[in-house]
Protein chains: 2
Amino acid sequence: MVSLPIQDLLPELTSIVGEPHVRTDDEARRVYGADALKRGYPADVVVFPGTTADVARIVQLCAEHGVPFVPRGAGTGYTGGAVPLQGGVVIAMERMNRILEIDEQNLIAVVEPNVITADLQDAVEKLGLFYPPDPASLKQSTIGGNVAECAGGPRAFKYGTTKRYVLGLEAVLPTGEVIETGGKVVKNVVGYDLTQLLVGSEGTLAVITKIILRLVPRPPFQATLRASFKDVSAAVAAVTGVIRKRVVPAALELIDGESLRAAADYLRDPSLAPYGTGAVLLVEVDGTPDAAAEEAARVEEACRAAGATEILRARDEAGRQDLWRLRRELSHSLRTVAALKFNHDVVVPKGRIPELFALVERIRAAYCLRIPCFGHAGDGNIHVNIMVSPDDREEVQRAREAEKVLFEGVVALEGSISGEHGIGFSKAPFLPIELSPDEIALMKRIKHAFDPRNLLNPGKIFPA
Amino acid sequence: MVSLPIQDLLPELTSIVGEPHVRTDDEARRVYGADALKRGYPADVVVFPGTTADVARIVQLCAEHGVPFVPRGAGTGYTGGAVPLQGGVVIAMERMNRILEIDEQNLIAVVEPNVITADLQDAVEKLGLFYPPDPASLKQSTIGGNVAECAGGPRAFKYGTTKRYVLGLEAVLPTGEVIETGGKVVKNVVGYDLTQLLVGSEGTLAVITKIILRLVPRPPFQATLRASFKDVSAAVAAVTGVIRKRVVPAALELIDGESLRAAADYLRDPSLAPYGTGAVLLVEVDGTPDAAAEEAARVEEACRAAGATEILRARDEAGRQDLWRLRRELSHSLRTVAALKFNHDVVVPKGRIPELFALVERIRAAYCLRIPCFGHAGDGNIHVNIMVSPDDREEVQRAREAEKVLFEGVVALEGSISGEHGIGFSKAPFLPIELSPDEIALMKRIKHAFDPRNLLNPGKIFPA
């Protein structure tokens, strides 16, 4: 831990952003020191810059004094990426929340980092445009946070994750310089691709202060259906069938029996988990009404061929929202299972999802744990939720051991230990399961090229 | 220039790859020392590895002796990226040319670097799959070269450039270690995105030895049309109209009057450049037959509204190939204008294409040069071809001055000096027009993190 010369910094921080925008009260230190991982460390100071110039001056001041600093969006991350592990200054971006430009002719939006994802989507959809990335947290999370973590969501199978939409960035380097990467053009091969290096770097390479995003036309129509299966293998056979029929759904979500039962309890609707249903697929195709109808028919065929026991198809927007409700409420529903969730966003080649579920089944049995699973079957990205009672220390210990077995198994299936949430500090000890020492050493040299004194968001990604 | 201890290296190189795969004859040194830029430097030795282990041992040997080395694909690059500026060892990848795997279930292909782009496309299209990137050189260029340069092509507007399809790489670091980046999953946020950092790094960060590519379903149908306009502004108005109608064509190619006249001369078909036609758009939409027909109708409307003087629509595949012939023959056609082409792949936000053409017009007049232009209007990526007679030293000099004015003008239009071809060494002096000293310094630190002794492909990207 760093001993912060906090008295030295406060007058200068105040002179940069103004007194109302510097907070050292206990509540601020606690709230801005934690995120959705729920393992916080208190910040020493929380500052709220209003401009890029503010951010650059704050960073320069921290660099001058050797004080660690951590940028922060909405704090919805699951791996502690925004947590100030070594104290220091939290740079909370919430005042930098403007949509600066929506350029219909060039299909581009320019935003400050703290624009809420759903707000941007609403603004562009009014113009017939579309910003596809849809993390579950989209009503709270920010574009800046989405970029730092490379957020995904159900639509990623068809539309790709956040990285596919980031054309350019403005960012403050840990040494205080302001750089611009990429730009308002969809093609740019001048020098190294700093844009994509910063996307998903979890706030460890630079503080992002402006984002240029690519937009696409809004798909005019969605067709949505839900298919039930006796088990996960049958549901995955349907996924394979959909792909063999060369359909790329906008969403292809898989929900296992344990998750269904939790949702049925939480929503007090036993029909959501009828006897004999071990898995559900939620599928949405989009495009022109004709094309979507034709694709939906092919999806239905694939589901029937794989032995679907029931297929429901939304007749209208209300019906569509009804089908999606189950998926949207899953995270909340899991609270009925246990109070604490170790939510792992592992990913495998989609053909290997049955092997992933077999692995989870072995872990359930061996460690005596409740592990409801659901997620983005099209991407092979399954949320494996290890549920524990925080007071049951033995159960928590078993869960910790199970995590490691899960990660090793996933990597053995040619998969990855994180498809969406990043490493933060909660997964940092497991990095060597997936990456070789040479690869980690190279990444550390890259970190050093940006942040030679390791002041920006220290303690993240790399094992201690 | 390095004085190569060539006698020391040859026995070891031979022991690594075998005698037939080491060449020091003048022809090999010359041929493998040049690319499509036509400004070659002779290699000292050309080696042809057969495996990743071969590459690693060659790199280790060069590193041990401080000898520069340059990886090489098909040598179709326009900026000298594969040219061994300081001599040394050219690592010619041509024996590593196998398609290792096409995984239909997971929509993935795994290839060695020297697979010809068109060969991969043919192989996956037979299975109803699609690898979209289509650089003009696709019948010669290799996937490894495409990845190193982040190749584009007409389909990039709808489908994106090479980078959107690269999921993972195997590569040999300049210090000899073999690393793997990404993998067979479409989502992976574990550590920094080395995959995208290597894509487009022009063979300056690592030697790529294996590539994991994402595939998509092959679009079942294309509708193709050609619209003529009195000038470029009218054609760009049609492009804007197409975008306002929320159509994303698979290709949206613009050809100016000077290029049309060259093609008409070369193909001996005066009808290609009728009097009063100052620009042509070639538009292709794809999807299901119904969806493509509907989108083609919207494109036709937009072209008529912008004042198209003629619209031709392909009735069948033969008609489609006929419309594409003009576009495909453009590069060859320019030979009728002059023997030497300075081919600049500048890019601007597409709404600013008229300003780009106005800039080119000013340059034509001020420097008395012939500058036919054509390219990917959807991306704002226009090939500005400054044509010169190599023997006319004064004209060559004027062309050199014009280049700089072009690049400065493009950057002032919020554009980029290269959308497809990269910097290599021919554009390296112009890098500071687009990037700030801080940005260049950061990129150099990244280069150093990979290649501390600057042995891999030295002299590229960065100004001397």
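Residues numbered from 1 in each chain as written. Chains lettered and ligands numbered in written order. Predicted model: local features only at pLDDT ≥ 70, side-chain atom pairs only at ≥ 80, totals over all residues. Heavy atoms only, no water.

Time to look at the side chain of E395 of chain B. Residue and element names in this part refer to chain B. Tracing the backbone through its elements, the reader meets E395 in helix α14 (residues 393–412). Given a relative accessible area of 6%, E395 falls into the buried group. Sequence-distant contacts of E395, that is, excluding residues within four places in its chain, are made with L369, R370, M387, V388 and S389. (Helix = DSSP H or I, 4+ residues; strand = E, 2+ residues; numbered from the N terminus. Buried < 20%, exposed > 50% of the residue type's maximum accessible area, 1.4 Å probe, protein only. Contact = heavy atoms within 4.5 Å.)

Residues and elements named next belong to chain A. In terms of residue burial, strand β8 (residues 166–172) counts as a mostly covered element, since 7 of its 7 residues are buried. Where β8 and strand β9 (residues 178–182) come together, 5 bridges link them in antiparallel fashion. Bridge pairing in β9 places A171 opposite I179. Linking β8 back to β9 in an antiparallel pair, the connection comprises 5 residues, with G176 at a positive phi of about 105°. (Pairing = 2+ DSSP bridges.)

Now for empty space enclosed by the protein. One water molecule sets the probe size; rolling that probe over the atoms shows where empty space is left. Tallied over the full model, the rule gives 2 cavities of 30 Å³ or more. Looking at the largest cavity, the residues that line it are V348, P349, K350, G378 and D379 of chain A together with N106, I108, K184, V185 and V186 of chain B. Approximately 40 Å³ is the volume attributed to the second largest cavity. Surrounding the second largest cavity, N106, I108, K184, V185 and V186 of chain A together with V348, P349, K350, G378 and D379 of chain B form its lining. When its residues are assigned to classes, the lining of the second largest cavity shows 5 nonpolar, 2 polar and 3 charged. (1 Å grid on protein atoms, 1.4 Å probe; cavity = no way out; pocket = protein on both sides within 12 Å on 5 of 7 lines; lining within 4 Å. Points joined across faces, edges and corners; volume = space filled by probe spheres on them. Nonpolar A, V, L, I, M, F, W, Y, C, P; charged D, E, K, R; others polar.)

To continue, consider the interface of chain A and chain B. Every contact between the two is made by 78 residues of chain A and, on the other side, 79 residues of chain B. Broken down residue by residue, the surface that chain A buries against chain B is led by K187, Y192 and R246 of chain A, which jointly contribute 15%. Run the count over chain A and chain B and you get 10 salt bridges. Linking E420 of chain B and K187 of chain A is a salt bridge whose minimum nitrogen-to-oxygen distance equals 2.7 Å. Breaking the side of chain A that touches chain B down by element, the ones donating at least two residues are β9, α7 (194–198), α8 (232–244), α10 (289–305), α15 (431–434) and α16 (437–450) of chain A. If one sorts the elements of the side of chain A that touches chain B by residue count, α16 of chain A sits on top with 9 residues. (Buried area = accessible area lost by both parts, 1.4 Å probe. Salt bridge = Lys/Arg side-chain N within 4 Å of Asp/Glu carboxyl O.)

To continue, consider the sheet that holds strand β8 (residues 166–172) of chain B. Pairing between the strands of a sheet is mediated by backbone hydrogen bonds and can be parallel or antiparallel. All names here are of chain B. Strand order in this open sheet of 5 strands is β5-β6-β10-β8-β9, and the pairing throughout is antiparallel. Either end of the sheet is taken by a strand with one partner, and the two such strands are β5 (99–103) and β9 (178–182). For this sheet, the mean inter-axis angle between neighbouring strands, taken without regard to orientation, is 10°. Sheet analysis places strand β6 (residues 108–111) next to strand β10 (residues 207–214), joined by 4 bridges and oriented antiparallel. Bridge assignment links V110 to a residue of β10, and that residue is I212. Strands in contact with helix α3 (residues 52–65) are β8, β9 and β10; relative to β8, the strand with the most contacts, it is inclined by about 50°. (Axes fitted to C-alpha atoms, helices over the stretch in contact; angles between N-to-C directions.)

Take the relation of the copies chain A and chain B next. For these two chains of identical sequence, chain A goes onto chain B by a turn of 180° and a shift of 0.0 Å along the axis, with RMSD 0.0 Å. Viewed as a symmetry operation, the transformation between the two copies matches a two-fold axis. Take the interface residues of chain A: 100% of them recur as interface residues in chain B, which is what a same-surface contact looks like. (Least-squares fit on C-alpha atoms with pLDDT ≥ 70 in both.)

Before going further, it helps to examine the domain arrangement of chain A. Residues and elements named next belong to chain A. Per the domain assignment, the segments making up chain A are domain 1 (4–92), domain 2 (99–217), domain 3 (221–332) and domain 4 (338–421). Using C-alpha coordinates to define each centre, domain 3 is positioned 22 Å away from domain 4. Listed per partner, the contact involves 15 residues of domain 3 and 16 residues of domain 4. Among the residues of domain 3 in contact with domain 4, V236, L254 and E258 are the three that bury the most area, contributing 35% of the side total. The interface formed by domain 3 and domain 4 holds 2 salt bridges in total. (Domains from an automatic or database assignment.)

In this model helix α16 (residues 437–450) of chain B runs 20 Å from its N-terminal to its C-terminal C-alpha over 14 residues, within 8% of the 20 Å that 1.5 Å per residue would give. For α16 of chain B, the set of buried residues is E439, I440, L442, M443, I446, K447, A449 and F450 of chain B. Those residues of α16 of chain B hidden inside the fold are in contact with β9, α7 and α16 of chain A together with α7 (194–198) and α15 (431–434) of chain B. (Expected span 1.5 Å × (residues − 1).)

Here we take up unusual backbone geometry. Residue and element names in this part refer to chain A. The phi dihedral of C150 falls on the positive side, at around 55°, and the residue is not glycine. Among the secondary structure elements, C150 is positioned in the loop between α5 (143–149) and α6 (156–159). Of note in the backbone geometry, E414 takes a positive phi value of approximately 65° without being a glycine. Counting through the fold element by element, E414 comes out in the loop between α14 (393–412) and α15. By relative accessible area, E414 is classed as partly exposed at 36%.

This part covers the environment of G241 of chain B. Residues and elements named next belong to chain B. Of note, G241 is situated in helix α8 (residues 232–244). Using a relative accessible area of 19% as the deciding quantity, one classes G241 as buried. In sequence terms G241 and A43 are 198 residues apart; their C-alpha atoms lie 51 Å from each other.

Inspection of the entire model under this criterion finds 12 aromatic pairs over all chains. For the cation-ring pair, R400 of chain A lies above F342 of chain A, with the distance from its terminal atom to the ring centre recorded as 4.0 Å. (Phe/Tyr/Trp six-rings, centres within 6.5 Å; stacked < 30°, edge-to-face > 60°. Lys NZ or Arg CZ within 6 Å of the ring centre and 35° of its normal.)

Right, let's talk about the packing of α8 of chain B against helix α10 (residues 289–305) of chain B for a bit. Residues and elements named next belong to chain B. Where α8 meets α10, the axes come as close as 8 Å, and the angle between the chain directions of the two elements is 140°. The angle between α8 and α10 falls in the class oblique. Every pair of crossing elements has a handedness; the one defined by α8 and α10 is right-handed. Where α8 abuts α10, its residues A238, G241 and V242 lie against V299, A302 and C303. (Parallel < 35°, antiparallel > 145°, perpendicular 65-115°, else oblique. Left-handed = near helix turned anticlockwise from the far one by under 90°.)

Here we come to the pattern of salt bridges. Residue and element names in this part refer to chain A. The final tally for this structure, using the stated rule, is 58 salt bridges over all chains. Between R364 and D256 there is a salt bridge; the shortest N-O distance is 3.4 Å. Residue R364 is located in helix α13 (residues 353–367), and its partner D256 is located in strand β13 (residues 251–256); the two are separated by 108 residues in the primary sequence. One exposure class covers both R364 and D256, and it is buried. With a closest N to O distance of 3.0 Å, R298 and E294 form a salt bridge. On the criterion of helical spacing, the pair formed by R298 and E294 is a turn pair, its members being 4 residues apart in helix α10.

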